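A look at the structure
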Amino acid sequence: MSNILLRGVEFSYPGSQNIFNDLDLTLASDWRVALVGRNGRGKTTLLRLLVGELQPIRGSIEHDLRMHRFPTPPQAGVTAFQAALDAAGPYRLLEDRLQRSLERGDIDAYADMQSQYQALGGYRIEAQVARELMLLEISEALWERPLRTLSGGEQSRCLLAGAFAVEGGFALLDEPTDHLDRSGREHLAQYLAGKGGFVLVSHDRAFLDACTDHVLALNADSVELQRSRFSVWRQAYLQRLDGQRQRNVLLRREAGRLEANARMRRAGADAREAEKAPHSDKGFIGARAARQMKRALASERRMLAAADQRRETMIDVERDYALSFPAPVGRSARLLHAANLVAVRGRPLFEPLSFELNRGERLFVRGANGSGKSSLLEVIAGAQPDYAGVLQRAPGLVISRVRQQPLWSAGLLRDHLAGAEIDESFFRQIMAALGVRGAVLDAPLEALSTGQLRKVELARSLCRPADLYLWDEPLNYIDMQAREGLESAILRDLPSMLVVEHDAAFASRIATSEIVLSRRP
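Below you will find a few notes about this structure. (Residues numbered from 1 in each chain as written. Predicted model: local features only at pLDDT ≥ 70, side-chain atom pairs only at ≥ 80, totals over all residues. Heavy atoms only, no water.)

Our focus in this paragraph is the overall build of the protein. A tally of regular secondary structure across the protein gives 17 helices and 17 strands. Looking at the protein as a whole, 47% of its 521 residues qualify as buried. For the protein, contacts bridging at least 24 residues in sequence account for 71% of all contacts bridging at least 6. In the structure as shown, the protein presents an accessible area of about 24,900 Å², 49% of it carried by carbon and sulfur atoms. (Helix = DSSP H or I, 4+ residues; strand = E, 2+ residues; numbered from the N terminus. Buried < 20%, exposed > 50% of the residue type's maximum accessible area, 1.4 Å probe, protein only. Contact = heavy atoms within 4.5 Å. Areas by Shrake-Rupley, 256 points an atom, 1.4 Å probe, with all protein chains shown as cover.)

The element strand β5 (residues 66-70) is largely enclosed, with a buried count of four among its five residues. Inspection of the sheet shows β5 paired to strand β6 (residues 169-174) by five bridges, in the parallel sense. Note on β6: the bridge partner recorded for Arg 66 is Gly 169. (Pairing = 2+ DSSP bridges.)

Here we take up the packing of aromatic side chains. According to the stated counting rule, one finds 13 aromatic pairs in the structure shown. Taking the centre distance of 5.6 Å and the plane angle of 40° together, the rings of Phe 81 and Trp 143 count as tilted. You can see Phe 81 sitting in helix α2 (residues 80-88) and its partner Trp 143 sitting in helix α6 (residues 140-143), a full 62 residues away along the chain. The pair formed by Phe 81 and Trp 143 is uniform in burial state, with each residue classed as buried. Ring centres of Phe 164 and Tyr 191 lie 5.7 Å apart, and the angle between their planes is 90°; this geometry places the pair in the edge-to-face category. With a gap of 27 residues between them, Phe 164 in helix α7 (residues 152-165) and Tyr 191 in helix α8 (residues 182-193) connect regions that are remote in the sequence. Pair check on accessibility: Phe 164 and Tyr 191 agree, each one buried. (Phe/Tyr/Trp six-rings, centres within 6.5 Å; stacked < 30°, edge-to-face > 60°.)

Once that is clear, we can look at the pairing of strand β8 (residues 214-218). The buried count for β8 comes to five of five residues, which makes it a mostly enclosed element. Every second residue of β8 is oriented toward a common face, with His 214, Leu 216 and Leu 218 on one face and Val 215 and Ala 217 on the other, all of them buried. Both strand β3 (residues 32-37) and β8 contribute to a ladder of five bridges, which runs parallel. If you follow Val 33 over to β8, its bridge partner there is His 214. Across five bridges, the pairing between β8 and strand β9 (residues 223-227) is antiparallel. Of the residues in β9, the one forming a bridge with His 214 is Arg 227.

Once that is clear, we can look at the sheet that holds strand β7 (residues 198-201). If you trace the six strands from one edge of the open sheet to the other, you get β5-β6-β7-β3-β8-β9, paired in mixed fashion. Each edge of the sheet is formed by a strand with only one pairing partner; in this case those strands are β5 and β9. Sheet twist, expressed as the mean angle between neighbouring strand axes with direction ignored, is 15°. (Axes fitted to C-alpha atoms, helices over the stretch in contact; angles between N-to-C directions.)

It is possible for side chains bearing opposite charge to pair when their charged atoms get close. Scanning the model with the defined rule gives 30 salt bridges in all. The salt bridge involving Arg 205 is made with Glu 487; its shortest N-O contact spans 2.8 Å. Of this pair, Arg 205 sits in helix α9 (residues 205-211) while Glu 487 sits in helix α16 (residues 480-493), placing them 282 residues apart in sequence. Residue class for Arg 205 comes out buried when judged on its relative accessible area of 13%. Since its relative accessible area comes to 1%, Glu 487 is described here as buried. Residues participating in the shared-partner salt-bridge network are Arg 205, Arg 483, Glu 487, Asp 503 and Arg 509. (Salt bridge = Lys/Arg side-chain N within 4 Å of Asp/Glu carboxyl O.)

Between two packed helices, the angle of one axis relative to the other and the distance separating the axes together describe the packing. In contact at an axis separation of 9 Å, helix α3 (residues 91-104) and helix α4 (residues 107-119) are set at 160° when each is read in the N-to-C sense. Here α4 runs roughly antiparallel to α3, going by the angle between their axes. The element α3 and its partner α4 pack so that their crossing is left-handed. Two secondary-structure elements touch here, α3 through Tyr 91, Leu 94, Glu 95, Arg 97, Leu 98, Ser 101, Leu 102 and Arg 104 and α4 through Ala 109, Tyr 110, Met 113, Gln 114, Gln 116 and Tyr 117. Residues of the contact of α3 with α4, tallied by class, amount to eight nonpolar, three polar and three charged. (Parallel < 35°, antiparallel > 145°, perpendicular 65-115°, else oblique. Left-handed = near helix turned anticlockwise from the far one by under 90°. Nonpolar A, V, L, I, M, F, W, Y, C, P; charged D, E, K, R; others polar.)

Let's shift gears to the sheet that holds strand β4 (residues 58-62). Strand order across the open sheet formed by three strands is β2-β1-β4, with antiparallel pairing between neighbours. Of all strands in the sheet, those with a lone pairing partner are β2 (20-28) and β4, marking the two edges. Going across the sheet, the axis of each strand differs from the next one's by a mean of 10°, ignoring polarity. For strand β1 (residues 3-11) and β2, the ladder comprises six bridges, and the chain directions are antiparallel. Counterpart to Asn 3 in the pairing with β2 is Ala 28. Seen against the sheet, helix α1 (residues 43-51) touches β1, β2 and β4 and runs at an angle of roughly 120° to β1.

Shown next, in the form of C-alpha cells:
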C-alpha cells in the first residue's frame, strides 16, 4: 500500500475563482473512495489533478502510482479489445515502435523500448485485459468487433477493463455508470467492491453504498474525508447540515444584534459630540465627548469583530430554493393508451407493449442496454414515426422532454432562452433550485460542467406547463442534492411522467408503476 499526498494545493481555471485553496489530503491506495459534491464543485478537476492532466498553481501532489482516469476517449476504428488495451496504457504504441526498430535494425532503440515495455508489464497485459473483460461480462465474441458497434454500456465496460488491468495501477472513475442499465450497475458495483482501491465520482446512492468504503466530500466551505459507508455518512451529513442551519439562524441574529449595538454606541458618542455646541464650558464637555467617542469606537470594533467571527462559523450551508412543476395544461384523465406497441428501426426493437398512463402517474421504463427505451420515448413524443401497434395520445397533449444529449450545449444561454421565448429570470430561479446560480450562467455553455449542462436541460423542461414529462435518463451527472430536490418536488406536485432512469433509489421513491422492455433477438 502507498499513499497519495496533496499538500497545500491551490487551483483555478484562467479567469475564474479558485476551486481549491490550500487543500491537504492523504489517500491510501487500497481505499475505495466515493468522491461526492455538487456539480461544479471540482470533482472532475480533482481527478485531472491527480492523474497529472492539470497542474496546481501552488502546492504539490505526490504518489508513485500509475493513475488511470475513466473515461478516456478511445481511438477511432479500434476493436473492443484494442480499446481496453489502450485504456490500460501505451502498449500498442510501444509494440509498433519495437517492430519498426527491428525493421530498421536499430538494436539499441529496440533494447531501450523493450526494457520500457517489460517494466510496464507489457508481456502480461493482454492476459490481464482478457481477465478483466471476462469479469465485466464482455464475451470473447465481442472482442474483435469494432468498438463503435457495441452498446454504450459495453463500450464503458471495455474501457473499465483496461483501467483495472494494470498491476499497481490506481483508477480514477468519473461517472462510470453512464449508459449502464440497472442490472449493469449492480454487476459493476460487485466488480468494484472486489478491487483494491480507486476514487469514484458518482451520484447513484445505491451504487456508492455497494462498492465504496470511504467518502471524500467537497462541501460548500470544507473538504471532508471519512471512513464510512456512503449512506451512513450521508445521513450524518444531513443531520449535521440541519443542525448547522439552525445554528446559522442564531449566529445571524447574534451578528445583527452586535452590529445594532455598535451603531447605538456610535450614535450615543455622536450625540455627546453635538452637546459641545450650546455649552460655554466646552473644555469639560469636549473632554467628556472625546472619552465617550473613544470608548464607543473601541466597543464598535469589538462588536463588529465578534459579528464577523459569528459569520465565519456559518459553513457548508447553501441557500435552498424549492423546485416546482407548473400546473398541467389539459384536463384529460387518460394521457396515453398503447396496445401491442413496438418501436421500429428497420426491425422491431422489443416485444409488443400494452399500457396506459393516467394523470398523476409516473411510469418508469426498464430494459437492458440497447432494448429500445429511448426509441420508445421518441415514438411517444412523435419524433420517431416508425412503430407498429396502437398509440393514442390525449387530445392536445402537451409534452415536455429531457433528452440524454442536452438540446443546448454551445453558445450563450440567454440567446437560447430568447429564441425559445423562456423568461430568463424564471429560468435562473429553477437553476438556483438545482444548485447553479450567479455568473456561471453568463458564461458560454461550453464552459459549463457536464452536470451543469444536464441541469440546463432539466430546467428547460421545467420552464413551461406540460401534461406529460418524457425524461430520458435525467439524472446522469446530477448531484445528490438536486436529485433529492427533484424527488421532493415530484412527490409534492404529482406530475404525470414517463421516465427512463437507472438510479434505483430514485425509481423506488418516484415510480407508481413500471414496464420492462424485452429486446427482440
